[in-house]
Amino acid sequence: MDSLQTPIAYLKGVGPNRANLLKDELGISTYQDLLHFFPYRYIDRSQFYSINDLPRNTSEVQIIGEIISFKLIQQQRGKRLVAIFSDGKSNMELVWFRGQKWIQDTLKTNTPYVIFGRLSWYGGKPSIPHPEMELEDAFKKGPPRALHAVYPSTEKLLSKGISQRVLTKIMMELFQTIKTSFVESIPEKIIEKYKLITKDAALRNAHFPIDQKTLTAAQNRLKFEELLFIQLQLLMKNMQRKQKIKGFVFKKVGENFNDFYKNKLPFELTKAQQRVLREIRKDVGTGRQMNRLLQGDVGSGKTIVALMSMLLAKDNGFQSCLMAPTEILARQHYQSLSELLRGLDVNISILSGSSKKSERAVISEDLLSGKLDILIGTHAVIEDHVTFLNLGLAIVDEQHRFGVAQRAKLWRKNTIPPHVLVMTATPIPRTLAMSLYGDLDISVIDELPPGRKQVKTIHRYDSNRLKIFKFIFDEIQKGRQIYIVYPLIQESETMDYKDLMDGYESIARHFPPPQFQISIVHGKMKAADKQYEMERFIKKETQIMVATTVIEVGVNVPNASVMIVESAERFGLSQLHQLRGRVGRGNEQSYCVLMSSNKLSQDGKTRLETMTRTTDGFEIAEVDLRLRGPGDLMGTQQSGILQLKIADIIKDNELLKIARKDAFEILKLDPTLSSVENRPLLQTLAKMKAYRNIWNYIS
Ligand code: ADP
Ligand code: MG
């Protein structure tokens, strides 16, 4: 067994009790774990204070001096041990609340010590509770310690006597016990390319840095290594998946596709749309199952890509389905696709929660006979009782509303799993997406159709509401339509509905019938009622749509040119971006008005500022990520990306990109990592895998 897999209980100064504590509190079981338990900060220990010059705050200080005397003081609960400590000019107190006997027995009086700890001030007098103490002699003989590591710890560890000092001691013991140097895990070529320091030097300096420069180099090297191995694993997993899972072959580009492309397509595809279609066509032609994520900002034209992919399926004798997260959206897809398909020999239908029994029966029959080519719908489409004759392609729109379980269901729809295209407008920075969805290939539509005018975005306080009403009035006079959206957050549902209804009434007063008509849509309404209200708006029978975020995703009403978001400070950035994406879909200048109270949190301010500054979904996503961290992003929990030991997926994003690129290039030349130069990689990966398996086995 690799000596690094030795349980830490065997390390001198640890033993079974401390080993258990370290495992429970910090997840450290083996030498390897301990070695990769990195400090979260470093403190400068090159400076010494005299007691007279101590800073009047609670910073950590280092002093040289001697203990003159001890006294044990009885207090309400237990005792405290106080040492009078002198640096030759002045005195101060060192205090212990625990382990007094041991301390009094061990520490010598009238002997120079280097002490280190956090200052307390009581009645103008400094003291240091539980200082780290080291004989000056030993300190001088020890390794240079300009920078001193501070490790993450817990209350419990502290209360059980595992202080920073003990952690440092244990760490020193570890390095003394492992006598050999640490095996290099990165190929020579890459080490040279980036002038990385060796693994051995990196590990030693991460824990016991000789100076700031070397520490930085050590951290950089360890972060790079961590990211490189994650990327290698993801890419290899992806390669294996492609080899293993057979898929249907869509050999030809046939009649329907060509007819549509030449005669029906109402506009020219953007370069990005063309590229993505090529990527999809290549995928489905290989004989392996496609698993592709299509990212494209709101309004970038993902639907047409979906449609043309489905035509490809049809031309090769396969059925396809398109799933949307809401019924409104499914219906809208159905209507717009039906229109686009008019005159083609393609049968399309819709199945949703509110489909009637008789409709379902017809759909069932046509699906089984193969008469139906395309089925649009909500989750209902993948219910187990829905049986296709030969489902060849499944498209999931706005995937962030779809769970993994639902994706899995799809796979059971055919003996060979259908090709899967997952479309999302949630802009995730590309490198992060690649790390999160290692098992998906990624296509990006990074260009909007030509002629789109940028949506003008403004932020207004509630006190300016009357001016906004005037603005709404003017836009309606021009023939435009308006969305007004209210937040709906579950915890305060009743209050939110009150906001919504109050808002509706106030708007209705300002814009009374018959001149004005208002639609209202919210989550508590029946699907049919929502649909009815929505349709009135689409048909321009109503000028204003008052809604909760049910309209957030995907609704397409090109004549709507104003999006007013109430209590905008309560929405997340990606939601605001989605909402804004509902306008600016036609040729008119569009506007997004973010209404807020004037009590804004710092984050709230940043969000609104970001929205008024940019319309670039990816830029917005980066800000969002910085504000919220990756923890809130879907998929991050399972991906292991959060269990990084030293790298930070956001702060080290540049490094991640480099690591990704290197991993890609390495695997391109040597997919199995079998060359001599890549042996360090292969060995490290094998170890990672082996120990993970051991872990699974034990726990
Ligand atoms: P999303 O990517 O948000 O789903 P849609 O597919 O709904 O976007 O497209 C938004 C609008 O842009 C639709 O009205 C669609 O017809 C139109 N559109 C899509 N592609 C193009 C293009 N290449 N040129 C012009 N308009 C396009
Ligand atoms: Mg869409």
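A brief structural summary. (Residues numbered from 1 in each chain as written. Chains lettered and ligands numbered in written order. Predicted model: local features only at pLDDT ≥ 70, side-chain atom pairs only at ≥ 80, totals over all residues. Heavy atoms only, no water.)

In this section: the packing of helix α20 (residues 573–580) against helix α22 (residues 617–628). Axis angle and axis distance: for two packed helices, these are the angle between their axes and the distance between the axes, and together they describe the pair. Direction vectors running N to C along α20 and α22 enclose 155 degrees, while the axes themselves pass 9 Å from each other. Comparing their axes, α22 and α20 come out roughly antiparallel. On α22, the residues touching L573, S574, H577 and R580 of α20 are G617, I620, V623, D624 and L627. Broken down by class, the residue content of the contact of α20 with α22 amounts to 4 nonpolar, 3 polar and 2 charged. (Axes fitted to C-alpha atoms, helices over the stretch in contact; angles between N-to-C directions. Helix = DSSP H or I, 4+ residues; strand = E, 2+ residues; numbered from the N terminus. Parallel < 35°, antiparallel > 145°, perpendicular 65-115°, else oblique. Contact = heavy atoms within 4.5 Å. Nonpolar A, V, L, I, M, F, W, Y, C, P; charged D, E, K, R; others polar.)

Core analysis: the largest hydrophobic core is formed by 40 residues, its most contacted members being F260, V305, L341 and I395. Counting residues per element, the ones that place at least two in this core are α10 (255–264), α11 (271–284), α12 (302–315), α13 (327–341), β12 (348–351), β13 (374–377), β14 (391–397) and β15 (419–424). If you tally residues by element for this core, the top one is α12, at 9 residues. Excluding residues within four positions of it along the chain, L341 makes contact with L307, L311, V346, I348 and I374. (Core = buried A, V, L, I, M, F, W, Y, C linked by side-chain atoms within 4.5 Å. Buried < 20%, exposed > 50% of the residue type's maximum accessible area, 1.4 Å probe, protein only.)

Quick reminder: α-helices carry 3.6 residues per turn. Residues three or four places apart thus point the same way. Counted at 1.5 Å a residue, the expected span for helix α17 (residues 465–477) with its 13 residues is 18 Å, and the 19 Å between its end C-alpha atoms agrees. Along α17, the residues that are buried comprise I468, F469, I472, E475 and I476. End-on view of α17: buried residues confined to an arc of 125 degrees, all on one side of the axis. Among the exposed residues of α17, those oriented more than 90 degrees off its buried face are L466 and K467. Looking one or two residues beyond α17, the residue adopting positive phi is G479, at roughly 95 degrees. (Expected span 1.5 Å × (residues − 1). Arc of directions from axis to C-beta.)

A separate point is the site of ligand 1. Around ligand 1 sit 16 residues, and of these E268, G299, K302, T303 and R452 come closest. Q273 places a side-chain nitrogen or oxygen 2.9 Å from a nitrogen atom of ligand 1. With respect to ligand 1, the backbone of G299 contributes an N or O atom lying 2.6 Å from an oxygen atom. A breakdown of the residues in the shell around ligand 1 according to their chemical character gives 4 nonpolar, 7 polar and 5 charged. (Near = heavy atom within 4 Å. Polar contact = N/O pair within 3.5 Å; in protein donor to acceptor, adjacent residues only side chain to side chain.)

Before going further, it helps to spend a moment on the pairing of strand β3 (residues 79–86). Among the 8 residues in β3, 6 count as buried, and that is most of the element. As judged from the 8 bridges shared by strand β2 (residues 60–74) and β3, these two strands associate in the antiparallel manner. Each bridged residue has a counterpart across the sheet, and for L72 the counterpart in β3 is L81. The turn joining β2 and β3, which pair antiparallel and follow one another in sequence, is formed by 4 residues; a positive phi near 70 degrees is taken by G78. As judged from the 6 bridges shared by β3 and strand β4 (residues 91–96), these two strands associate in the antiparallel manner. (Pairing = 2+ DSSP bridges.)

Locating T542 in the fold gives a position in the loop between α19 (527–538) and β20 (544–547). On the basis of relative accessibility, which here comes to 0%, the residue T542 falls in the buried class. In this structure, T542 is in contact with Q481, Q517, I518, S519, R536 and F537, ignoring residues within four places of it in sequence.

Once that is clear, we can look at unusual backbone geometry. Most peptide bonds take the trans form, and the phi angle of most residues other than glycine is negative. The step from P513 to P514 runs through a cis peptide bond, and the omega angle for that step is 0 degrees. Tracing the chain through its elements places P514 in the loop between α18 (493–510) and β19 (518–521). The backbone of K195 sits at a positive phi, close to 50 degrees, despite the residue not being glycine. With respect to the helices, strands and loops of the structure, K195 is situated in the loop between α7 (188–194) and α8 (199–207). Overall, K195 belongs to the exposed group, its relative accessible area being 71%.

The description of an aromatic ring pair rests on the distance of the ring centres and on the angle between the ring planes. Enumeration according to the criterion identifies 13 aromatic pairs in this entry. When the centroid spacing of 6.1 Å and the interplanar angle of 80 degrees are considered together, the rings of F48 and F139 count as edge-to-face. Here F139 lies in helix α4 (residues 136–141) and F48 lies in the loop between β1 (41–44) and β2, a separation of 91 residues in the sequence. Seen in terms of ring centroids, Y483 and F537 are 5.2 Å apart; in terms of plane orientation they differ by 50 degrees. Their pairing is tilted. Of the two residues, Y483 is situated in strand β18 (residues 481–485) and F537 in helix α19; the sequence distance between them amounts to 54 residues. A residue is classified by how much of its surface remains accessible, and F537, at 0% relative accessible area, is buried. Sitting above the plane of the F116 ring, R45 keeps its charged end 4.1 Å from the centroid. (Phe/Tyr/Trp six-rings, centres within 6.5 Å; stacked < 30°, edge-to-face > 60°. Lys NZ or Arg CZ within 6 Å of the ring centre and 35° of its normal.)

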